[in-house]
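Tertiary structure, described
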Amino acid sequence: MANIKSAKKRVLVNEKKTEQNKNIRSAVKTEIKKVDLLVKEGKLEEAKAALSTAFAVIDAACSKNIYHANNASNKKSKLAKKVDAVYDSDPKTNPDAKK
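The paragraphs below set out a description of the structure included in this document. The structure displayed is predicted, hence computed values, not measured ones.

**Regarding the pattern of salt bridges**
- On inspection of all chains with the given rule, the structure shows 4 salt bridges.
- Note that Lys82 and Asp36 form a salt bridge whose closest N and O atoms lie 2.9 Å from each other. Pair noted here: Lys82 is in helix H3 (residues 69-89) and Asp36 is in helix H1 (residues 5-41), with a separation of 46 residues, a long-range link.
- For Lys82, a relative accessible area of 37% puts it in the partly exposed group.

As structure tokens, then:
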């Protein structure tokens, strides 16, 4: 451990911030998993609702500089593609879908 008082404080602050960042990253992963699960089950309406929640959590993490803007954008894009794939393959929502 550091000997200087300010260095000791930086160590404590860094540990606290690291824990906060881990919690936020974990929340993002949890929301992504929720959307993935709903997509696998084919629940379109629930997936859309979970998608908007996931977007909000990802945007919040991005605004706190936990994720780079491009990384956050890629995560959102991948989720949107998954939900769109379910939407396109669902005969109820897309009459041109293969049955």
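**Comments concerning H3**
- Taking 1.5 Å per residue as the helical rise, H3 with its 21 residues ought to reach 30 Å, and the 30 Å between its terminal C-alpha atoms agrees with that figure.
- All buried positions along H3 are accounted for by Ala72, Leu79, Val83 and Val86. The arc that holds the buried residues of H3, viewed along the axis, is 60°, so those residues lie on one side. Residues of H3 that are exposed and point more than 90 degrees away from the buried face comprise Asn70, Lys78 and Lys81.
- Tucked into the core, H3 has its buried residues touching H1 and helix H2 (44-63).

Thresholds applied
Residues numbered from 1 in each chain as written. Predicted model: local features only at pLDDT ≥ 70, side-chain atom pairs only at ≥ 80, totals over all residues. Heavy atoms only, no water. Salt bridge = Lys/Arg side-chain N within 4 Å of Asp/Glu carboxyl O. Helix = DSSP H or I, 4+ residues; strand = E, 2+ residues; numbered from the N terminus. Buried < 20%, exposed > 50% of the residue type's maximum accessible area, 1.4 Å probe, protein only. Expected span 1.5 Å × (residues − 1). Arc of directions from axis to C-beta. Contact = heavy atoms within 4.5 Å.

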